[in-house]
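Listed below are the residues making up each chain.
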Amino acid sequence: MLVTAYFAIIVLLALCVGLEFTARRLTPPQSTPTAVANPAFRRFQSIFLRAYLLALWADWLQGPYLYKLYRHYSFLESQIAILYVCGLAACVLFAPFSGWLPQVLGRRQTCLLFCVTYSACCLTKLSRDYFVLIVGRILGGLSTSLLATTFEAWYVHRHLDVHDFPKEWIPSTFNKVATWNHGLAVGAGLVANLLAEWLHLGPVAPFLLAVPCLGVIRLSAKERFSRSCQEGLRCLLSDKRVLLLGGVQALFESVLYIFVFLWTPVLDPHGPPLGIVFSCLMAASMVGSLLYRLATSTRYHLQPGQVLCLAILMAFFSFFMLTFSTVPGQPRPHDSFLAFLLLELACGLYFPAVSFLQGRVIPEEKRAGVLAWFRLPLHLLACLGLLALHGEISGTGGGEGGGGTRHMFGGCAIMMLAALMAVISLFTLSRNDIDLRLEGCRGEGEME
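Residues numbered from 1 in each chain as written. Predicted model: local features only at pLDDT ≥ 70, side-chain atom pairs only at ≥ 80, totals over all residues. Heavy atoms only, no water.

An unreviewed UniProt entry lists the protein under the name Molybdate-anion transporter, from Poecilia latipinna. Checking UniProt for the protein, the heading Function (unreviewed entry) contains the comment "Mediates high-affinity intracellular uptake of the rare oligo-element molybdenum." (UniProt positions renumbered as here; feature names shortened; annotations may be inferred.)

Engineer: How would you explain the overall build of the protein if you had to name every residue and give the values?
Structural biologist: A count of helices and strands for the protein gives 17 helices and zero strands. Each of the 448 residues in the protein was classed as buried or not, and the buried ones make up 55%. If you take every contact in the protein between residues at least 6 apart in sequence, the share linking residues at least 24 apart comes to 83%. Within the structure as shown, the protein displays about 19,100 Å² of accessible surface, and the carbon and sulfur contribution to it stands at 65%. (Helix = DSSP H or I, 4+ residues; strand = E, 2+ residues; numbered from the N terminus. Buried < 20%, exposed > 50% of the residue type's maximum accessible area, 1.4 Å probe, protein only. Contact = heavy atoms within 4.5 Å. Areas by Shrake-Rupley, 256 points an atom, 1.4 Å probe, with all protein chains shown as cover.)

Engineer: Pulling in residues and values, what's your account of a nonpolar patch on the surface?
Structural biologist: A cluster of nonpolar side chains, namely Leu194, Trp198, Leu199 and Leu201, defines an oily patch on the protein surface of about 390 Å² accessible area. Take Leu194: it is sitting in helix H9 (residues 170-198). Using a relative accessible area of 32% as the deciding quantity, one classes Leu194 as partly exposed. (Patch = residues over 30% accessible without salt bridge, like charges linked within 9 Å, V, L, I, M, F, W, Y side chains within 5 Å. Salt bridge = Lys/Arg side-chain N within 4 Å of Asp/Glu carboxyl O.)

Engineer: Explain unusual backbone geometry to me, and be specific about the residues and the numbers.
Structural biologist: The backbone of Ser74 sits at a positive phi, close to 70°, despite the residue not being glycine. One can find Ser74 in the loop between helix H4 (66-72) and helix H5 (77-98). Phi angles above zero are rare outside glycine, and His200 is one such case at about 60°. Summarising the element assignment, His200 is placed in the loop between H9 and helix H10 (205-215). Under the relative-accessibility criterion, His200 is labelled exposed at 68%.

Engineer: So what's going on with the packing of H9 against helix H13 (residues 274-295)? Which residues, and what values?
Structural biologist: At a minimum axis distance of 7 Å, the contact between H9 and H13 shows a crossing angle of 170°. Relative to H13, the element H9 lies roughly antiparallel. Each of His182, Gly183, Ala185, Val186, Gly189, Leu190, Asn193, Glu197 and Trp198 in H9 lies in contact with H13, whose residues at this interface are Leu274, Gly275, Ile276, Phe278, Ser279, Met282, Ala283, Ser285, Met286 and Ser289. Residues of the contact of H9 with H13, tallied by class, amount to 10 nonpolar, eight polar and one charged. (Axes fitted to C-alpha atoms, helices over the stretch in contact; angles between N-to-C directions. Parallel < 35°, antiparallel > 145°, perpendicular 65-115°, else oblique. Nonpolar A, V, L, I, M, F, W, Y, C, P; charged D, E, K, R; others polar.)

Engineer: Got a sec to walk through the confidence of the model for the protein? Specific residues and values, please.
Structural biologist: In the predicted model, the protein carries a mean pLDDT of 81, and 83% of its residues have values of at least 70. At the level of individual helices and strands, the protein shows its lowest average pLDDT in helix H2 (residues 34-37), which scores 61, and its highest in helix H14 (residues 304-325), which scores 93. Segment residues 396-401 is flagged for pLDDT under 50; beyond a separation of four residues in sequence, or across chains, it makes 10 contacts in the model. Confidence over residues 441-448 falls short of pLDDT 50; this stretch has 19 contacts with residues more than four positions distant or in other chains. (pLDDT = per-residue confidence, 0-100.)

Engineer: I'd like a description of the packing of helix H1 (residues 2-26) against H13, backed by residues and values.
Structural biologist: Direction vectors running N to C along H1 and H13 enclose 20°, while the axes themselves pass 9 Å from each other. One finds that H1 runs roughly parallel with respect to H13. For the pair H1 and H13, the crossing hand works out as left-handed. When grouped by side-chain class, the residues that make up the contact of H1 with H13 number 21 nonpolar, two polar and three charged. (Left-handed = near helix turned anticlockwise from the far one by under 90°.)

Engineer: Tell me what's going on with helix H15 (residues 333-361), and back it up with residues and numbers.
Structural biologist: Between the first and last C-alpha of H15 there are 41 Å, a value that for 29 residues agrees with the 42 Å anticipated at 1.5 Å per step. When you tally the buried positions in H15, you get 21 out of 29 residues, the bulk of the element. (Expected span 1.5 Å × (residues − 1).)

Engineer: How would you explain the environment of Phe374 if you had to name every residue and give the values?
Structural biologist: With respect to the helices and strands, the residue Phe374 is situated in helix H16 (residues 367-396). We classify Phe374 as buried; its relative accessible area is 2%. Residues Phe374 and Leu243, spaced 131 residues apart in sequence, show a C-alpha to C-alpha distance of 8.8 Å. In this structure Phe374 touches Leu236, Val242, Leu245, Gly246, Gln249, Ala250, Gln358 and Ile362, once residues within four positions along its chain are discounted.

Engineer: A description of the side chain of Gln62 should follow, citing residues and the corresponding values.
Structural biologist: Take Gln62: it is sitting in the loop between helix H3 (39-61) and H4. Among the polar contacts made by the side chain of Gln62, one reaches the main-chain carbonyl oxygen of Ala58 at a distance of 3.2 Å. (Polar contact = N/O pair within 3.5 Å; in protein donor to acceptor, adjacent residues only side chain to side chain.)

Engineer: Please set out the environment of Gly404 residue by residue, giving values where relevant.
Structural biologist: Relative to the helices and strands, Gly404 is located in helix H17 (residues 403-429). Placed 76 residues apart in sequence, Gly404 and Pro328 show a C-alpha to C-alpha distance of 9.2 Å.

Engineer: Explain the packing of aromatic side chains to me, using residue names and the numbers behind them.
Structural biologist: Within the structure shown, the criterion is met by 24 aromatic pairs. Taken together, the aromatic side chains of Phe41, Phe44, Phe48, Tyr52, Phe114, Tyr118, Phe151, Tyr155, Phe165, Trp169 and Phe174 make up a single cluster linked through ring pairs. Positioned over the ring face of Tyr84 is Arg137, at 5.0 Å from the centre of the ring. (Phe/Tyr/Trp six-rings, centres within 6.5 Å; stacked < 30°, edge-to-face > 60°. Lys NZ or Arg CZ within 6 Å of the ring centre and 35° of its normal.)

Engineer: Residues and numbers for helix H8 (residues 130-162), please.
Structural biologist: Because each turn of an α-helix spans 3.6 residues, side chains separated by three or four positions end up pointing in the same direction. With 33 residues, H8 ought to run about 48 Å at 1.5 Å a step, and its terminal C-alpha atoms sit 45 Å apart, in line with that. Along H8, the helix axis deviates most sharply at Leu146, where the bend reaches about 30°. (Bend = angle between axes of the 7 residues up to and from the residue.)

Engineer: Give a description of the environment of Arg241 that names residues and reports values.
Structural biologist: Here Arg241 shows up in helix H12 (residues 240-267). By relative accessible area, Arg241 is classed as buried at 17%. For the pair Arg241 and Leu357, spaced 116 residues apart in the sequence, the C-alpha separation amounts to 9.7 Å.

Dropping the structure here:
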């Protein structure tokens, strides 16, 4: 597995470079957008990107070695499952409040709250006390909820209501975030591996590095923003398209939380460098994102809805593979690693496709509230999955290599089939809705 991981990261990064050049060649040249030439907008965008990308970097640093840290502290897999459940449960509890906290506290205080709670979450990893680690997971759940809502909603409010920039300029900023985010994730895995493995600082080192990154985050504006959860819920219930899209997101992304818990115990017993493996997974996601750009280019004319169906099918096949590669007593780690790469490739296709559809079916002013409600069933499903895994582990005395992991992957495959049915229902309902199609392809017939 050691050689496989290093070989995979080299191949994937080379593939990313090749796809990037291909995507640029196939993308028709465009005139310089007005937004790029506007110095006030560029200054505002730079302030946001510096803060948000630092927050994302700190978040990614904690990905590769979380499970490894708990195992390093000699906790059982069933105990680790409870720690993960506590974090997800905190996300469920705090998600409805994260949208209006800035309205109550103000932007500066909410940003400070995110930095303080996430820093405290990282520092709790220094303790071997189980209760302290639970508190850390709860703080992590609060911080994750704030990260998922606060920065984006602050930006949209400042963009539209304070600076009065055109609404059409908003995607340019979040396209930059998406472009940088994959690179940050790959780099975070490499840096985490450098600290934990090469420098022998242990699995807690990446968490400590995240603290100073969080400490320098700041935004320079004082205005508040307002996002009503009630308006978000009303939009969700009044539009079937929004409801179906929320179902797809809840099903697909909840299994990603389960995957985040399971990938380490599946691969770690076979000795791979976890930071490099994490970078491989993030590079595979980057490949998927670049393939999305190619698939929706003027050369191939695929629609985001079609790409979304493909991503869900790939995820289903990945989990189907994992039900065979994690048979108790007969593990096939190379097959599991390949399945994990396929799942991340599907994620790279999924996120830009679902983001496009969200932008078309959810009004911009209600987006933060609606997405907060989307995350509620998402985290609940993930909690239920991990609790089921914990119950099976505790009841059978299993652990790594036990049948609970295989059964959980089977359940994830079933959830992917349910997500596929939701996508089919969405596009059956919106067959003639040109808003769900890319601008250049609206006249080419109905979406299948």
